[in-house]
Amino acid sequence: MSRDNIEHNGNSEALNSPFSRIYLLPQTEQILNCAMGLKNPIDIDALKKAFSNSIMLKHPRFCSLMVKDRKGVDRWKKTHVNIDDHVIIHPEVGEKDQETELNAYLADISVSTPLSKNKPLWEIHVLKGMNCVVLRVHHALGDGASLMSMLSACFGKKGVDNNHNNNVSKDDNNHAIKKRMKNWKEKSIWGFIKTLWFTIVFGLRLLGKVLWVKDMESVISGGQGVELWPRVLVTAKFKLDDFKFVKMAIPFATVNDVLLGLISAGLSKYIEVKYPTAMLQALKVTGVVVVNLRKNSAFQALTMHLVSYGGNADLQVMVAKDIIHDPQFLANCFQESLAEMKNYITVNQKKEQISIFGDQNIIK
């Protein structure tokens, strides 16, 4: 979402970046929905004023329309922003608890409410009954990290010094880099050979996946137009420390590896319970695909997004309810999978401690 990606000409227009073009295609169009719960009752006028005076509306893309020039090329064009056109108020509240009601609302607007191209591609939905604000932003305007940074800059607490945390993070990163460089020097030739080999192997596998190979149809694969089918959104809740605990027990593992592991285990557990005969077949699912340009994508029936904050990690699981009929059970499967990983590691660590203690007694 850098200003450098926008080059204004005399008509106040600008070519959009390659990623913006991808996210504007009908096959890969995405809208980010950011829900924010508030402590105090929402003052609509104050909310409009805060957004109007924020740096968000000083960014070119948040005050530009997507238009086509005479050659049919998409371009950003500056326009006047009327904040009243972007703030949508929803006073109603259902009978369910707030989290369930909010998830239902987010699932509904994700497939039924596209952003209007007659105004800049963002909206603010105010759910007064739930004391919640949902910021809807087209992915062409920026990615999740840059948008969260922008929100923090707009509405974060003033006078809070984050330099200490930044310095700690930088020190940790520098330590990790130095450790990797040391390992590289110690295993220079053999390490280089292995790196080169695995780069070629995984590069060829990726090329084959993009050009020819595709996942087999399974009980959780969607059909034609599945991206428009009705959705259900549930939340699987974790502790970030549990992710780190499992990561530390596995050499060279990352939090992403742990996440993929629990997703794989959770999906297997769900299918084993709901469709026992399906597990007799080899089930292969492709994950972590940033952009899928193949014509027929059979796995849009399931979308997941992990959000971490304050030591917690919430996995938002959105499913096509006609394909995955019990999404709450699927979320429970994910939670149980991480708990089983943690329990397995804890048990093995205790066994190792007991074994070491026994060996020491024998030596004495």
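Thresholds, definitions, all that
Residues numbered from 1 in each chain as written. Predicted model: local features only at pLDDT ≥ 70, side-chain atom pairs only at ≥ 80, totals over all residues. Heavy atoms only, no water. Helix = DSSP H or I, 4+ residues; strand = E, 2+ residues; numbered from the N terminus. Buried < 20%, exposed > 50% of the residue type's maximum accessible area, 1.4 Å probe, protein only. Contact = heavy atoms within 4.5 Å. Areas by Shrake-Rupley, 256 points an atom, 1.4 Å probe, with all protein chains shown as cover. Salt bridge = Lys/Arg side-chain N within 4 Å of Asp/Glu carboxyl O. pLDDT = per-residue confidence, 0-100.

Here we come to the overall build of the protein chain. Check the secondary structure of the protein chain and you find 10 helices and 10 strands. Sorting the 364 residues of the protein chain into buried and exposed places 31% on the buried side. The contacts in the protein chain between residues at least 6 apart in sequence include a share of 73% that link residues at least 24 apart. Of the roughly 23,700 Å² of accessible surface on the protein chain, a fraction of 57% belongs to carbon and sulfur atoms.

Turning next to the pattern of salt bridges. This model, assessed by the stated rule, comprises 7 salt bridges. Of the charged contacts, one joins aspartate 326 and lysine 274 as a salt bridge, the two residues approaching to 3.2 Å between their closest N and O atoms. One end of the pair, aspartate 326, is in the loop between strand S10 (312-320) and helix H10 (327-363); the other, lysine 274, is in helix H9 (residues 255-274), and 52 residues separate them in sequence. Using a relative accessible area of 28% as the deciding quantity, one classes aspartate 326 as partly exposed.

This brings us to the confidence of the model for the protein chain. Looking at the protein chain as a whole, the pLDDT averages 77, with 74% of positions reaching at least 70. Counting contacts from residues 1-12, a segment whose pLDDT is below 50, to residues more than four positions away or on other chains yields 27 contacts. Contacts for the low-pLDDT stretch residues 160-170, under 50 throughout, to residues beyond four places or in other chains number 0 contacts.

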